[in-house]
Amino acid sequence: MMDDIDAAAPARASAPASFASKLGLPSRALPALSCGCASESQLDRWLSQYELHPFHPSDQQRLVTLLAGLVEEVAQWRAPAATRLPILELLRQHAVTCGDAIVTQRSALSATQLEKLRRSLQPVVGLLQKLFVAYASLWVQLEDTAGVPFLMREKRARTLHRAVDAGGRLLRVTSLFGLAPPENCWRNLHLLLQRGFPQQVAWRRVSDPLESRGRTSAVDAYISAALFFSANPGQLDGEQQDAFWCRTRDWCRLGTLEENYTETGDSLVASTELDQAPLPAGRLSARAVDSDRFRAPRGWRLDLSAVLQRVEKHLEKNFDPLVERARDAWGGATGRGEERKPGQAECVVSIGLGATCFNLREKDGSGPGTGDMTAWLDREEERVCLEAAAVDYQSGRTMAEYDVSLPCAPSLRSERSAGTSGAARHYQTEVAEVFNRSARGLGLRLSPAAGERLRVGELVGVRMPNGWQVGVIRWHLSRVDYSDAGVEILARHVAPVEVRRRNSAGRASAPIPALLTREGDGKCVALVLPVPLFKAYDEVEVITGSVTRPVSLQRQTVATPSVARFDFV
């Protein structure tokens, strides 16, 4: 494997300055830190005088703001690498400790996705992003620094690990709280890790005071994050995500990276050209994907043979739903239970909850009658819920950075006027080609413009010849001339409804678009609602035509920045 990497090195080598520009790193033009410190010991004394404790809620936001400012300054500091590295190590310990404390205290509320909660996590995500940028900047500086080879490899290995570890922690926080990850986060992580392949420092294990095993490497940190995010953690609650994160950290040393290979087998594939987590190789069709995109110098393969062997041994001794779920995702069983049949049919796709409600009611007019929907509401139900990514409810576009979008809850009058004056862009449908299908899903091919609105986990409505269906995007691949998406069907019977909620004073809100879904014999009925307008145990009124039915929302099984699915009675 090392020989393959060394052979590929000339093809991707580039000057450190050019690489820094590619990552969007800031220039090192700051003559001194604002705190006046020039060493680790000075900075340690300077921080201690503030007496800010990471576990005290009253101090956390001030400490995060202080640390973020210092980390940002270090990223732009003109000091030698030998001076910047110890200072960054000190700031990293404070930043990770404080960030973990905030995440732990708020993880119990992660399923609610309230606006206030999401805003309180923005500084933590920003701090981790700045920490990644600072270590990436230090890595570029070390590439230009001469020194004793052994000592330089040690410093570069430590710097690369810290950057990859910061990126993984950042992505984990965004997954836990349903935030949109920063733009190009995965892409920059892949590019930086690839930079360490020719020097063979990506595999070099270094000491880490935050690692329980004492020593770890950049590849270990990367594989842990890749295993975690390739198994769709957004579908898990906070406690399950924590447990799964711990398991992937235990399994990370069993995986191996390969840049040149002949068969994908049981593996994850990654590309430096894609801003997304590594994908299980079984999800990629040989017809739709250029395999060279996932080979040197543009990508690599993460072999999971040893990981899956460990997983199988674990399941033989003890049944664990999380472990079984991981095995199904990595081994290709998830979404692959039935044969996929090629197809050339066309369908109409609406992206997002608001667009689906609008097109079902205003444009299509199909669906069950009022009496049928009333019967749906009377049935006992079981629910299967999937997570959606962060999109702006009002525009239908991916939210920039970590902005919070409050759904506008349009009334009937405003939606009728929208229909007469021309639907907004987020209400417009897209024509898609169904290039394959199975009993539980569809493979869709859309235009490149539509691909800009697609996000893994987003709710979509699909109008087939026999009516509308509701699904969730499970994977998305953008090409120059088209975009492909795999949609897992959630419900083949769906109806637009409107919901009114009452506040503590008893006043009713304007009607809010929602979806009523039903599966099978009608026992699996659910309400899909926008967030953060609703929460568990809200008393709401479901409006179907001229019939109004009061219901009580029960357990919130899934919450995302845009939609949630509720039990109700």
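Everything in this summary refers to the structure shown in the same document. Predicted model only: the values in this text are computed from it and were never measured.

Calculation criteria
Positions within a chain are numbered from 1, following the residues in the order the chain's sequence is written. The predicted nature of this model means local features are confined to residues of pLDDT at least 70 and side-chain atom pairs, given and counted, to a pLDDT of 80 or more, with totals for whole chains, interfaces and linings taken over all residues. To obtain the side-chain values, all non-hydrogen atoms of the structure were included, while hydrogens and water were left out. Starting at the N terminus, helices and strands are each numbered in turn, a helix being any DSSP run of H or I of at least four residues and a strand any DSSP run of E of at least two. In this scheme, a residue with accessible area under 20% of its type's maximum is buried, one over 50% is exposed, and one in between is partly exposed, where area comes from a 1.4 Å probe on protein chains only. Per-residue and other accessible areas follow the Shrake-Rupley method at a 1.4 Å probe size, with only the shown protein chains counted as cover for residues. This arc corresponds to the set of directions leading from the helix axis out to the C-beta atoms. Whether two residues touch is decided by their heavy atoms; if any such pair falls within 4.5 Å, the residues are in contact. Each polar contact in these results corresponds to two N or O atoms within 3.5 Å; when the atoms are within protein, one needs to be able to donate a hydrogen and the other to accept it, and residues that are neighboring in sequence are counted only if both atoms are side-chain atoms. Two strands qualify as a pair provided that DSSP identifies no fewer than 2 bridges between them. Fitting a line to C-alpha atoms yields each axis, with helices limited to the stretch in contact; the angle taken between N-to-C directions then spans 0 to 180 degrees. A pair of Phe, Tyr and Trp rings is counted when the ring centres sit within 6.5 Å of each other, with Trp represented by its six-membered ring. The angle between the planes then sorts it: under 30 degrees is stacked, over 60 is edge-to-face, the rest tilted. For a lysine, the NZ atom is tested; for an arginine, the CZ atom; a charge sits over a ring if that atom is within 6 Å of the ring centre and within 35 degrees of the ring normal. The set of buried Ala, Val, Leu, Ile, Met, Phe, Trp, Tyr and Cys residues whose side-chain atoms join them within 4.5 Å is what this entry labels a nonpolar core. Any cysteine sulfur atom paired with another within 2.5 Å is treated as part of a disulfide. Each salt bridge in this description consists of a side-chain nitrogen of Lys or Arg and a carboxyl oxygen of Asp or Glu lying within 4 Å of one another. For patch detection, residues must exceed 30% relative accessible area and be free of salt bridges, and they are connected within 9 Å for like charges or within 5 Å for nonpolar side chains (Val, Leu, Ile, Met, Phe, Trp, Tyr). Here is the rule for handedness: rotate from the far helix to the near one, and if that takes an anticlockwise turn smaller than a right angle the crossing is left-handed, while a clockwise turn gives right-handed. Three classes are used: nonpolar for Ala, Val, Leu, Ile, Met, Phe, Trp, Tyr, Cys and Pro, charged for Asp, Glu, Lys and Arg, and polar for all others, with Gly counted as polar.

Some remarks on the overall build of the protein chain
Along the backbone of the protein chain there are 16 helices and 18 strands. Residues classed as buried in the protein chain amount to 54% of the 569 residues present. As displayed, the protein chain offers around 24,000 Å² of accessible surface, 50% of which is attributable to carbon and sulfur atoms.

So, helix H12 (residues 321-331)
Taken together, the buried positions of H12 are occupied by Leu-322, Val-323, Ala-326, Ala-329 and Trp-330. Buried residues of H12, seen end-on, are gathered within an arc of 125° and therefore sit on one face of the element. For H12, the elements touching its buried residues are helix H9 (218-230), helix H10 (238-251), strand S4 (267-271), strand S5 (279-280) and helix H11 (305-317). Between the side-chain oxygen of the N-cap and the backbone nitrogen of Leu-322 there are 2.9 Å, and the N-cap of H12 in question is Asp-320.

Quick notes on the sheet that holds strand S6 (residues 299-303)
Spatially, the four strands line up as an open sheet ordered S3-S6-S4-S5, and their pairing is antiparallel. Every other strand in the sheet has two partners, leaving strand S3 (256-258) and S5 as the edge strands with one partner each. Pairing geometry for S3 and S6, over three bridges, is antiparallel. Bridging across to S6, Leu-257 finds its partner in Leu-302. The sheet strands contacting helix H8 (residues 185-195) are S3, S4 and S6, and the helix crosses S6 at an angle near 85°.

Focus: the pairing of strand S8 (residues 430-437)
Put simply, side chains in a regular strand alternate between the two faces of the sheet. In this sheet, strand S9 (residues 441-446) lies alongside S8 in antiparallel orientation, the contact comprising four bridges. Within S9, the residue paired with Asn-436 across the bridge is Gly-443. Hairpin connection between S8 and S9: a loop of three residues separates the two successive antiparallel strands.

A look at the packing of aromatic side chains
Counted under the stated rule, the structure contains ten aromatic pairs. Consider the rings of Trp-186 and Phe-229, whose centres lie 5.6 Å apart with planes at 80°: the pair is edge-to-face. Here Trp-186 is found in helix H8, whereas its partner Phe-229 is found in helix H9, with 43 residues between them in sequence. On the basis of relative accessibility, which here comes to 6%, the residue Trp-186 falls in the buried class. For Phe-229, a relative accessible area of 14% translates into the label buried. Seen from their ring centres, Phe-228 and Trp-245 are 5.2 Å apart, and the 85° between their planes marks the pair as edge-to-face. Pair noted here: Phe-228 is in helix H9 and Trp-245 is in helix H10, with a separation of 17 residues, a long-range link. On the accessibility criterion, Phe-228 (0% relative accessible area) is buried. Here Trp-245 falls in the buried class, since its relative accessible area comes to 9%. Clustering of aromatic rings is evident, with ring pairs tying together Trp-186, Phe-228, Phe-229, Phe-244, Trp-245, Trp-251 and Trp-330. Its end group placed over the ring of Phe-435, Arg-445 keeps NZ or CZ at 4.9 Å from the ring centre.

With respect to the nonpolar core
Judged by nonpolar contacts, the single largest core of 102 residues is most densely connected at Leu-43, Leu-193, Tyr-222 and Trp-330. Ranked by residue count, the leading element in this core is helix H6 (residues 115-143), at 15 residues. If we ignore the near neighbours within four places in the chain, the residues touching Tyr-222 are Val-164, Trp-186, Leu-189, His-190, Leu-193, Leu-257, Ala-270, Pro-278 and Trp-300. Counting residues in each nonpolar core, the second largest holds 18 residues, with Val-497, Leu-529, Val-551 and Phe-568 among its members.

Some details on the state of the cysteines
Note on terminology: a disulfide is the covalent bond linking the sulfur atoms of two cysteines. In the structure shown here, the tally under the stated rule is zero disulfides. A disulfide-free cysteine, Cys-35 has its sulfur positioned 3.5 Å from the sulfur of Cys-37, the nearest such atom. By relative accessible area, which is 14% here, Cys-35 ends up buried.

Notes on the pattern of salt bridges
Scanning the model with the defined rule gives 24 salt bridges in all. For Arg-169, the salt bridge is made with Asp-165, and the minimal N-O distance between the two is 2.7 Å. You can see Arg-169 and its partner Asp-165 sitting in helix H7 (residues 149-176), four residues apart, about one turn around the helix. Accessibility expressed as a relative area gives 15% for Arg-169, which makes it buried. Judged by relative accessible area, which is 6%, Asp-165 ranks as buried. Note that Arg-205 and Asp-220 form a salt bridge whose closest N and O atoms lie 2.9 Å from each other. Linking Arg-205 in the loop between H8 and strand S1 (206-207) with Asp-220 in helix H9, this pair joins segments that are 15 residues apart in sequence. Each of the salt bridges in this network shares a partner with another, and the network as a whole consists of Arg-92, Asp-100, Asp-165, Arg-169 and Asp-208.

Observations concerning a nonpolar patch on the surface
On the surface, Val-148, Phe-150 and Leu-151 cluster together into a nonpolar patch covering about 300 Å² of accessible area. For Leu-151, the location among the structural elements is in helix H7.

Details of the packing of H10 against H12
It is at 11 Å that the axes of H10 and H12 come closest, and there the two elements cross at 65°. For the pair H10 and H12, the crossing hand works out as right-handed. Listed contacts from H12 to Gln-240, Ala-243, Phe-244, Arg-247 and Trp-251 of H10 are Leu-322, Val-323, Ala-326 and Trp-330. Its residues assigned to classes, the contact of H10 with H12 comprises seven nonpolar, one polar and one charged.

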